[in-house]
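Listed here are the chains, written in short residue letters.
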Amino acid sequence: AKLKVADVTCVKRDKIMTDKDEVFYVEVVDVNSVMGNAVEMHTTKEIYDGFEEGRDAYVVWWDYANSSIGADACEIMLKNII
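Conventions adopted
Residue numbers here run from 1 along each chain, matching the order of that chain's written sequence. Since the coordinates come from a predicted model, pLDDT governs what is reported: local features require at least 70, and pairs of side-chain atoms require 80 or more to be given and counted, while whole-chain, interface and lining totals use all residues. Values shown for side chains rest on all heavy atoms present in the structure; no hydrogens or waters enter the calculation. Between Lys or Arg on one side and Asp or Glu on the other, a salt bridge is scored when a side-chain nitrogen of the former is within 4 Å of a carboxyl oxygen of the latter. The helix and strand labels rest on DSSP assignments: H or I over at least four residues marks a helix, E over at least two residues marks a strand, and numbering proceeds from the N terminus. In this scheme, a residue with accessible area under 20% of its type's maximum is buried, one over 50% is exposed, and one in between is partly exposed, where area comes from a 1.4 Å probe on protein chains only. The rule for pairing is simple: two strands pair if DSSP sees at least two bridges between them. Comment: axis = line fitted to C-alpha atoms, over the contacting stretch for helices; angle = value between 0 and 180 degrees taken between N-to-C directions. Each patch groups residues whose relative accessible area exceeds 30% and which form no salt bridge, using 9 Å between like charges and 5 Å between nonpolar side chains of Val, Leu, Ile, Met, Phe, Trp and Tyr. The Shrake-Rupley method, run with a 1.4 Å probe sphere, supplies the accessible areas, and residue values consider only the shown protein chains as cover. Arc definition: it is the arc formed by the directions from the helix axis to the C-beta atoms. In what follows, residue pairs with any heavy atoms lying within 4.5 Å of each other are defined as contacts.

### Considerations on the pattern of salt bridges
Stage number 1. Inspection of the entire model under this criterion finds five salt bridges.
Stage number 2. Of the charged contacts, one joins Asp-49 and Lys-45 as a salt bridge, the two residues approaching to 2.6 Å between their closest N and O atoms. In this pair, Asp-49 and Lys-45 both sit in helix 1 (residues 45-52), four residues apart, roughly one turn of the helix.
Stage number 3. Among the residues examined, Lys-45 registers a relative accessible area of 42% and is labelled partly exposed.

Now the structure itself:
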């Protein structure tokens, strides 16, 4: 497996209200076509809100042979604003 990093931008955000909690999802697409497709993933409120504020992010994932990107193999992190 190879560890890869992609700069991403958000194309869709969803907040789902359950009877116990709020659940946040984002769909991101990479800026430089490293991933090759959009990825939808469960995320934290901080990252969900960060995209609303116009921040950019990275997605880091393990690229396993003969498999697609899955939520279990990747993590999203906001870029710092300097």
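### Overview of the sheet that holds strand 5 (residues 74-78)
Stage number 1. Strands sit in the order 3-2-1-4-5 across an open sheet of five strands; the sheet is antiparallel. Every other strand in the sheet has two partners, leaving strand 3 (39-43) and strand 5 as the edge strands with one partner each. Averaged over all neighbouring strand pairs, the angle between strand axes comes to 40 degrees, with direction disregarded.
Stage number 2. Two elements, strand 1 (residues 2-17) and strand 2 (residues 22-30), share nine bridges in a ladder whose sense is antiparallel.

### A look at a nonpolar patch on the surface
Stage number 1. A cluster of nonpolar residues, Leu-3, Trp-62 and Tyr-64, forms a patch on the protein surface that exposes about 330 Å² of accessible area.
Stage number 2. In this fold, Tyr-64 is placed in the loop between strand 4 (57-63) and strand 5.

### A short note on helix 1
Stage number 1. Burial in helix 1 covers these residues: Ile-47, Tyr-48, Gly-50 and Phe-51. When helix 1 is viewed along its axis, its buried side chains cluster within an angular range of 160 degrees and face the same direction. Residues of helix 1 that are exposed and point over 90 degrees away from its buried face: Glu-46 and Glu-52.
Stage number 2. Along its buried surface, helix 1 packs onto strand 1, strand 2, strand 3, strand 4 and strand 5.
Stage number 3. Two residues or fewer after helix 1 comes Gly-54, characterised by a positive phi angle close to 85 degrees.

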